[in-house]
Amino acid sequence: MTPTDPPDKPVAETSVSGAHALSALRRALMLTRVGMAAERVWRAFWPLLTVVCLAIGAVLLDLQNALPVEGVWALAGLTLLLGLGALVLGMRRFRWPRRAEAITRLDETLPGRPIAAVLDRQASGAGDPASAALWQVYQDRMTARAATARAPGPNLRIADRDPYALRYVALLVLIVGVLFGTGWRAGTVSDLMPGPGHADLGGATWEGWVEPPRYTGLPTLYLGDMTDDTLRVPENSKITLRFYGEPGDLALAETVSGPGDETPAEGAADHSFAVVQAGDLAIEGTGGRNWRIEVITDASPHVVITGDPDLSTDGTMTLPFNASDDYGVVGGSVVIALDMPAVDRRHGLQTAPDAREPIELALPLALTGDRRIFSEALVEDFASHPWANMPVIYSIRSEDAAAQLSPVATLAAPLTARRFFDPVAAALIEQRRDLLWARGNATRVAQILRTLSHRPEDVFHDSGQYLQLRTILKGLERYAAAEGGLGQTHQEEIAAALWDLAKQIEEGDVGDALERMRQAQERLSQAMRDGASEEEIARLMQELRDATQDYMRQLSRQAESEAGEEGQSEGQQNSIQLSQSDLQAMMDRIQELMEQGRMAEAEQALQEFQRMMENLRMTQGQAGQGSSPGQQAMDGLAETLRDQQGLSDQAFRDLQEQFNPNAQRGESQGNEGRNGGQGRGQSHEGGSGADGAPGGEEQQGGSAEPSPGDLAGRQRALREELERQRDGLPLGGAEGEAARNSLDQADRAMEGAEQALRDGDYAEAIDRQSEAMEALRDGMRALGEAMAEQQQQGQQPGDNQGNSNRQGNALDPLGRSRNGQGSDAYNSDALDSGNARRRAWDLLEEIRRRAGERDRSDSERDYLNRLFVPF
């Protein structure tokens, strides 16, 4: 059998079965030929359709009226030539599809080409009955498969022929013309002309429009469509007129433009001017019109300050204001100038001030919404400005799109900024202010700073801060003694250094949790005495809460380490036990008194709270609630931090003796600090020395002065201990990785301190040790966050409640032991409730009130005062 190609075989030669199969496919073949015809028409004539769509869309958009007559004729001729060329090219390309081509296209859609198989003839073996039967079976199968044929869809994709998508551009122009064009609505040529419509076709015509300023948001008015003789337009609207016809047929008469506008020549066809006043507008001539123009005045913007400057909790100043304009405010300015008559010219401010430009800021605008009327606030941080907290005058002015300025809104108030409540930090900030006030104060500021640093052990908690102040002082004295005095560059340099040091002292960078809590209490107490704002009080109160939490955690670790000491249980029997919720209730009460304005009572309660926290001990049961590997790692890092602090104190004492070698040993011993004993060679908590040897002779003698090599050896041993603790951190995740990175920084800083100690450079060693302690604190914070997250994920809902109830069953409402009284005497739920804590506070306040009554006997008042001793 040999297949025969259908296009080359006459239809008359097809077999009977083939003719029967084609008759069954008549509908599919017809649809296939129609699809092929549409495909070939589109491929051949798409350029012609593109030109036609472009031409029709341009006419519907009325583009011919926007061009001169010559341009319209030129475009029309070009469009005609392009259309004829596209038509000729399409006719040459187009071929009507033949029947054989349709059969081939339809056959290609079926697997095995069954139509071609049906049209084939048996070439050999036709006389053999078996062969003929086999051939018939094959033909029947192909006929059945061919009967399932369906006409394929036409392929109308011509991206290869139109790479620039010109057909889509033409279609877009046509759609825009149909939807938004006006040409298709024109009835006659006379209907397109402005005026009454009965003007002669060959007479003069005109057109004109009024364009309001863009910032008004109003639409353009077409004068030919205006039926009212009175027009209200915004000020500075632009009127444009065009006259068509012979010169002189139409003339313009108007009284709305300003005297400075240029007058067009007589008989001019184009007129354009701005409306600046009310008046008349007239087009004189055949088909002319007259209008009375009324001007909508553009009012000036307005701004008003709606409140006093307020200090936010993040230290930024907020000054609220309202601004309005009839079309919207687009800008403005804020100028802050020093209110010199209101300045208290005492101390360093007695000197004539250096010239300083006022503060100029852009007026903040509403980011969203309507700017015709809005409320906003100026938010800035002026804490580092020389005028911080000094009297100033705020001047606010707004501006609209017409460049009109509002009247100035002024307010005399302080330049509200963050205040410093640590006494040393506040003193440094005051001297910085005096130095920036006038460079002539340099000598006076240097003298005060020298006085401030006379007894550093009584003033500074950190030796590094004292060294920073000494460096600043030396630089200030050197610059002030130079020829020409203190320059502006050096003035700003010294002021920046004082600012950084004051922030470091105020924010507290102390490793001792108790010391941090004391500093937070002192700052809060100082703020209450100074009459600080509510926002400042709230910020300092939050710092006290955080410091108290850190102190409680430190007490918990210490109680766990002291759990095996003798006599601890006996000492706890006579002590009052407080839970974390009780401490929180006390601080809430202090804050409540401050919010009520009862500052004296709040300060007294704060002092009692401070005495209570200093005498507080954590019981073994509270501390022993689990010593996880993370807690052990935290304890080890805290131990390392204390040892590093003691070593830094010893290096600081040795540095002092270098500058004052004749000082008595007893004086340097007085500056040991919290861990001074460590600096003389003993480890914290009575452990071994830094090199791993027992304290031995050096601890017993206590008078041997360590050499730089000894200090370097202890620094090396401390660094090796830190490496061991870093490698043994039990926690993973982001927080654990952050803790390890911080400990790596501490390790590098310790290595630098060790090398500096070997070289005898104590100042450099102290700086590196300060960096190591800061990195240790960062690592402990990251480790604490990881532990807290892990504990929160693994905590069961009823654990805390069960622990508190078990503890409450052994305590009375004041937190004291019941001493064997029945467990049914009190309800444990009452201890956990807020009423029990409130009752305890009421009792404390009643005792405090009675102790303050002068009419009571001395013995009774002494007894009442002794009730607070355990706290």
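Quick caveat: nothing in here was measured; it's all calculated off a predicted structure.

**Regarding the packing of helix H8 (residues 423-437) against helix H12 (residues 488-507)**
Thinking step 1. Put simply, H8 and H12 touch, their axes get as near as 9 Å, and they point 165° apart. In terms of axis orientation, H8 runs roughly antiparallel to H12. The two elements H8 and H12 cross, and the hand of that crossing is left-handed. Two secondary-structure elements touch here, H8 through Val424, Ala425, Leu428, Ile429, Arg432, Leu435 and Leu436 and H12 through Gln491, Ile494, Ala495, Leu498, Trp499, Leu501, Ala502, Ile505 and Glu506.
Thinking step 2. Of the residues contributing to the contact of H8 with H12, the split by class is 13 nonpolar, 1 polar and 2 charged.

**Notes on the packing of aromatic side chains**
Thinking step 1. Summed over the entire model, instances satisfying the criterion amount to 7 aromatic pairs.
Thinking step 2. Ring centres of Trp135 and Tyr138 lie 5.7 Å apart, and the angle between their planes is 45°; on these two criteria the pair is classed as tilted. Taken as a pair, Trp135 and Tyr138 lie in helix H6 (residues 129-146) at a separation of 3 residues, close to a single helical turn.
Thinking step 3. Each ring, one from Phe420 and one from Trp499, has its centre 5.5 Å from the other, and the planes form 80°; the classification is edge-to-face. Of this pair, Phe420 sits in the loop between strand E16 (409-414) and H8 while Trp499 sits in helix H12, and the two are 79 residues apart along the sequence.
Thinking step 4. Through a chain of ring-to-ring contacts, three or more aromatic side chains come together here, namely Phe45, Phe94 and Trp96.
Thinking step 5. One Lys or Arg, Arg418, reaches over the ring of Phe420 and ends 4.7 Å from the middle of that ring.
Thinking step 6. Sitting over the face of the ring of Tyr479, Arg478 holds its NZ or CZ atom 5.1 Å from the ring centroid.

**Topic: the nonpolar core**
Thinking step 1. Ranked by size, the top nonpolar core spans 69 residues in total, and within it Tyr394, Leu428 and Leu476 carry the most contacts.
Thinking step 2. Examining the composition of this core, we find that 7 residues originate from one element, helix H11 (residues 463-481), more than from any other.
Thinking step 3. Setting aside residues up to four positions removed in sequence, Leu428 forms contacts with Leu449, Leu452, Leu469, Leu498, Leu501, Ala502 and Ile505.
Thinking step 4. Counting 22 residues, the second largest nonpolar core, distinct from the first, contains Met517, Ala547, Leu593 and Ala605.

**Considering a negative patch on the surface**
Thinking step 1. A grouping of Asp308, Asp310, Glu534 and Glu595 is seen on the molecular surface, where their side chains present a negatively charged patch.
Thinking step 2. Mapped onto the secondary structure, Glu595 falls in helix H16 (residues 580-595).

**Looking at the pattern of salt bridges**
Thinking step 1. For the structure on display, the rule yields 27 salt bridges.
Thinking step 2. Measuring nitrogen to oxygen at the nearest pair gives 2.8 Å for the salt bridge that ties Asp162 to Arg167.
Thinking step 3. Ionic pairing is found between Glu774 and Arg777, a salt bridge with its closest N-O pair at 3.8 Å. Linking Glu774 with Arg777, this pair stays in helix H25 (residues 762-794), spanning 3 residues, or about one helical turn.
Thinking step 4. A relative accessible area of 9% means that Arg777 is categorised as buried.
Thinking step 5. Taken together, the salt bridges that share partners define one network made up of Glu430, Arg433, Asp434 and Arg444.

**So, a nonpolar patch on the surface**
Thinking step 1. A surface patch of nonpolar side chains, amounting to about 650 Å² of accessible area, comprises Tyr168, Leu171, Ile175, Val178, Leu179 and Phe180.
Thinking step 2. Take Leu179: it is sitting in helix H7 (residues 166-180).
Thinking step 3. Assessed through its relative accessible area of 60%, Leu179 is described here as exposed.

**Digging into the confidence of the model for the protein**
Thinking step 1. For the protein, the mean per-residue pLDDT works out to 75, and 74% of the residues sit at or above 70.
Thinking step 2. Within the model, pLDDT remains below 50 along residues 1-14, and this stretch shows 19 contacts once partners closer than five positions in the same chain are excluded.
Thinking step 3. Scored below 50 in pLDDT, residues 564-575 makes 9 contacts in the model with residues more than four places away or belonging to other chains.

**Some points on the sheet that holds strand E8 (residues 290-296)**
Thinking step 1. On the basis of which strands lie adjacent, the open sheet formed by 4 strands has the order E3-E8-E7-E5 and mixed pairing. For this open sheet the edge positions go to strand E3 (230-234) and strand E5 (250-254), each flanked by a neighbour on one side alone. Sheet twist, expressed as the mean angle between neighbouring strand axes with direction ignored, is 25°.
Thinking step 2. Summarising the sheet, strand E7 (residues 279-285) and E8 pair through 4 bridges and their orientation is antiparallel. Bridge pairing in E8 places Ala282 opposite Asn290.

**Remarks on the sheet that holds strand E12 (residues 329-338)**
Strand pairing in a sheet is mediated by backbone hydrogen bonds. Such pairs are either parallel or antiparallel.
Thinking step 1. The strand order E13-E12-E15-E16 describes an open sheet built from 4 strands, whose pairing is antiparallel. Each having just a single partner strand, strand E13 (359-362) and E16 make up the two edges of the open sheet. The sheet shows a mean angle of 20° between the axes of neighbouring strands, direction not considered.
Thinking step 2. Relative to E13, E12 runs antiparallel, the two sharing 4 bridges. Looking at the pairing, Val334 lines up with Leu361 of E13.

**Considering the packing of helix H9 (residues 442-452) against H11**
Thinking step 1. Interhelical geometry of H9 versus H11 gives an angle of 155° and a closest axis separation of 10 Å. One way to sum up the angle between H9 and H11 is to call them roughly antiparallel. You can see that H9 and H11 cross each other, and the crossing is left-handed. Across from Ala442, Val445, Ala446, Leu449, Arg450 and Leu452 in H9, the residues of H11 making contact are Leu469, Arg470, Leu473, Leu476, Glu477 and Ala480.
Thinking step 2. Across the contact of H9 with H11, the residue classes tally to 9 nonpolar, no polar and 3 charged.

**Quick look at the pairing of strand E9 (residues 302-305)**
Thinking step 1. Residues of E9 alternate between two faces, with Val303 and Ile305 buried on one and His302 and Val304 left unburied on the opposite face.
Thinking step 2. Where E9 meets strand E11 (residues 317-324), 4 bridges bridge the pair, whose relative direction is antiparallel. Looking at the pairing, Val303 lines up with Ala323 of E11.

Criteria and cut-off values
- Residues numbered from 1 in each chain as written.
- Predicted model: local features only at pLDDT ≥ 70, side-chain atom pairs only at ≥ 80, totals over all residues.
- Heavy atoms only, no water.
- Axes fitted to C-alpha atoms, helices over the stretch in contact; angles between N-to-C directions.
- Helix = DSSP H or I, 4+ residues; strand = E, 2+ residues; numbered from the N terminus.
- Parallel < 35°, antiparallel > 145°, perpendicular 65-115°, else oblique.
- Left-handed = near helix turned anticlockwise from the far one by under 90°.
- Contact = heavy atoms within 4.5 Å.
- Nonpolar A, V, L, I, M, F, W, Y, C, P; charged D, E, K, R; others polar.
- Phe/Tyr/Trp six-rings, centres within 6.5 Å; stacked < 30°, edge-to-face > 60°.
- Lys NZ or Arg CZ within 6 Å of the ring centre and 35° of its normal.
- Core = buried A, V, L, I, M, F, W, Y, C linked by side-chain atoms within 4.5 Å.
- Buried < 20%, exposed > 50% of the residue type's maximum accessible area, 1.4 Å probe, protein only.
- Patch = residues over 30% accessible without salt bridge, like charges linked within 9 Å, V, L, I, M, F, W, Y side chains within 5 Å.
- Areas by Shrake-Rupley, 256 points an atom, 1.4 Å probe, with all protein chains shown as cover.
- Salt bridge = Lys/Arg side-chain N within 4 Å of Asp/Glu carboxyl O.
- Lys, Arg positive; Asp, Glu negative; His and termini not counted.
- Charge placed at Lys NZ, Arg CZ, Asp CG, Glu CD.
- pLDDT = per-residue confidence, 0-100.
- Pairing = 2+ DSSP bridges.

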